[in-house]
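Next come the chains, spelled out residue by residue.
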Amino acid sequence: MSARSRELAGLVVAALLAGIALSSVTMARNAEVPARAVTWGVLFLALYFVAHVVVRRTVPYADGTLLPLTAVLTAFGLAVVYRLDSQDGARQAVWVAVGVGALIATLVGLRHDYRVLESYRYLFGVAAVGLLLLPSVPGIGEEVNGARLWVNLGVIQFQPGELAKICLILFLAGYLREKREVVAQGRLKDLGPLFAIWGAAMLVIVQTNDLGSALLNFGIFLAMLYVATGRALYVAAGLTLFVGGAAVLYNALQHVQDRVTIWLHPWTDERVYCALNGHLEYRQDCASYQLVKSLYSIANGGFGGTGLGEGTFTSVDGTQLIPYLRTDFIFSAIAQELGLVGAAALLLVFMVFVVRGMRVALQAQDGFSKLLAAGLTFGFALQTFIIVGGVLRVVPLTGITLPFVSYGGTSIVANFVLVALLLLVSNRANAPR
C-alpha cells in the first residue's frame, strides 16, 4: 500500500473514531446523536483531508502514518474534552484547526529545504531560554497550582514551554551536528554546552517552580547528545548532574519538597498542616487531593471502563472532583471511562507514533536531519511519559500536557509543528536521489 493510500485510510478511521466517540458522549447527554456525530465526523475528515492534500503535494515521499496517528490522537482529545466541557470541546476543535494551519504553513514555508533552519541555531537557542524564563517575568507570568507555566498578555494566554521545546531541539540539532566530533573527544572546554544547559534547567526550576519542563528539556538534551556522540558516559554524567542539582534545590525550595512528598506519601493517617487553609488536614484532603482523586478515578474504571460519557467527575452539587481535569489529568478521565483497555490503546497509539518517528531518524541521510528527528520524537515520548507517569504516581506529578489530547492551544499548535518537521525529514530521507 502506498503512503497516499495508508494516509487516506488512516484518516477515514480517525474520522470514524471521532464520530463514534462523540455519538457515545451525546447519547449519554440525551442529545441528537446522529446529526451531531455525522457533523463532527464530516468536519473532522474534511479538515484532515485538506491536510492530506497539502502533505502529498509538498512532501510526497513522507511517512504515510504520521498524519493519521495525529488524527487519531486529536480525535481522542476532542471527544474527551467535549465530554468534560462542551464549550472547551468547541475551543479545542478551533485549536486543532489552527494547528492544522500551522502544519500546512510549516510544510509550505520549508518545502524546498528545511535545513535552512540550521543557520539560525543560535537564535533558536536564545529563544528557547527566553521562552522558558518568560513566565517568571513580573506582570505577565501567571502561577497555576504552584508553578509559573503560563504567560498572560490579556488578549491571549499561552504556555511558552511548549514552544521552547521546539526551539531547543532546533538549536541542539544544529549545534551538535557542527560540534559532535570535538564533543565526542571529551575535552573539558567542549563540554561547556552541557553545563550551560544543565544550569539553565536548574534556573528554570528556581524561577518557575517547574520541575516538569526542566526534566523534559534536559532529557531531550541528553538524548540528542547521545545520538550525536554515541557516548553513554555523557548521559550518565548528565543524569548525575541533574539528580545532584535537583537534590540541592529540593533542600532549598519548598515547592519541590511538596511535590516529592505528595508523590511518596499522598495519604496520611494523621492530620498535617495544610498550606491551602492554614488548618490541620489529612494530606489526601489538601496537598495531594488532586493526585488521590485521580488514582480513585483510574481505579473506578477497572478493566473495561464505565463507558464514554458515563464517568463520575463532579459531586452532587456540581463541584469538580479532580481540578484541572481537562489538562493535567485528562488521562484519569480516559482511564475511568474507557478502562485499562482504552487507556492502553491510547498509549499504544503514542508508542506507534514514537516508533515511526524514530524510523524517520534512522532513515535520515544527514546529521542535522537525524538529530532533529530523534530530538523531536524523544521529546514527544518523554513528555508523554512524564505526564502519564505523574498521573499514575510513577514519577512526581508535573503540570505539562498530554500531546494532542489535553486541552490547550499552545500544546496543540506546537505539536502540529513537530509533526510537520518530522514529515519534512521523512520526505527528504525517502525521496529518490
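Located above this text is the structure these notes cover.
A brief look at the structure comes next. Small disclaimer: the values here were computed from a predicted structure and weren't measured.

1. What to know about the overall build of the protein chain
No. 1: When helices and strands are tallied, the protein chain shows 14 helices and five strands.
No. 2: Going through the 433 residues of the protein chain one by one, you find that 54% of them count as buried.
No. 3: About 18,800 Å² of surface is accessible on the protein chain, with carbon and sulfur atoms providing 64% of the total.

2. Examining unusual backbone geometry
No. 1: Non-glycine residue Tyr-324 carries a positive phi angle of around 55°.
No. 2: Within the secondary structure layout, Tyr-324 lies in the loop between helix 11 (289-301) and helix 12 (330-363).
No. 3: Residues other than glycine seldom take positive phi values, yet Arg-393 does so here, at roughly 65°.
No. 4: Mapped onto the fold, Arg-393 is located in the loop between helix 13 (367-391) and helix 14 (409-430).
No. 5: Assessed through its relative accessible area of 32%, Arg-393 is described here as partly exposed.

3. Topic: the packing of helix 12 against helix 13
No. 1: Where helix 12 meets helix 13, the closest approach of the two axes is 9 Å, and the angle between their N-to-C directions is 165°. Of the possible angle classes, the one that applies to helix 12 and helix 13 is roughly antiparallel. For helix 12 against helix 13, the interelement crossing comes out left-handed. Listed contacts from helix 13 to Phe-331, Ser-332, Leu-347, Phe-350, Phe-353, Val-354, Gly-357, Met-358, Val-360, Ala-361 and Leu-362 of helix 12 are Lys-370, Ala-373, Ala-374, Thr-377, Phe-378, Phe-380, Ala-381, Thr-384, Val-388 and Val-391.

4. Section: helix 10 (residues 254-264)
No. 1: All of the buried residues in helix 10 are His-255, Val-256, Arg-259, Val-260 and Ile-262. Down the axis of helix 10, the sector holding all buried residues measures 160°, keeping them to one side.

5. Examining the packing of aromatic side chains
No. 1: Under the criterion given, the structure shown has nine aromatic pairs.
No. 2: Counting every residue linked through ring pairs, the aromatic cluster contains Phe-350, Phe-353, Phe-380, Phe-404 and Phe-416.
No. 3: For the cation-ring pair, Arg-231 lies above Tyr-234, with the distance from its terminal atom to the ring centre recorded as 5.0 Å.

6. Considerations on the nonpolar core
No. 1: Counting residues in each nonpolar core, the largest one holds 104 residues, and the members touching the most others are Leu-103, Leu-346, Leu-372 and Leu-402.
No. 2: Here this core gets 13 residues from one element, more than from any other, and that element is helix 12.
No. 3: Among all residues touching Leu-372, those that are not within four sequence positions of it are Tyr-114, Ile-169, Leu-170, Ala-173 and Val-425.

7. So, the state of the cysteines
No. 1: In the structure shown here, the tally under the stated rule is one disulfide.
No. 2: Through a disulfide, Cys-274 is tied to Cys-286; the S-S separation comes to 1.8 Å. Here the S-S torsion is close to 75°, and the disulfide linking Cys-274 with Cys-286 is therefore right-handed. Taken together, the residues span a long stretch of sequence, with Cys-274 in the loop between strand 4 (272-273) and strand 5 (280-281) and Cys-286 in the loop between strand 5 and helix 11 at a distance of twelve residues.
No. 3: Relative accessible area serves as the criterion here: at 2%, Cys-274 is assigned to the buried category.

Procedures and definitions
Residues numbered from 1 in each chain as written. Predicted model: local features only at pLDDT ≥ 70, side-chain atom pairs only at ≥ 80, totals over all residues. Heavy atoms only, no water. Helix = DSSP H or I, 4+ residues; strand = E, 2+ residues; numbered from the N terminus. Buried < 20%, exposed > 50% of the residue type's maximum accessible area, 1.4 Å probe, protein only. Areas by Shrake-Rupley, 256 points an atom, 1.4 Å probe, with all protein chains shown as cover. Axes fitted to C-alpha atoms, helices over the stretch in contact; angles between N-to-C directions. Parallel < 35°, antiparallel > 145°, perpendicular 65-115°, else oblique. Left-handed = near helix turned anticlockwise from the far one by under 90°. Contact = heavy atoms within 4.5 Å. Arc of directions from axis to C-beta. Phe/Tyr/Trp six-rings, centres within 6.5 Å; stacked < 30°, edge-to-face > 60°. Lys NZ or Arg CZ within 6 Å of the ring centre and 35° of its normal. Core = buried A, V, L, I, M, F, W, Y, C linked by side-chain atoms within 4.5 Å. Disulfide = S-S within 2.5 Å.

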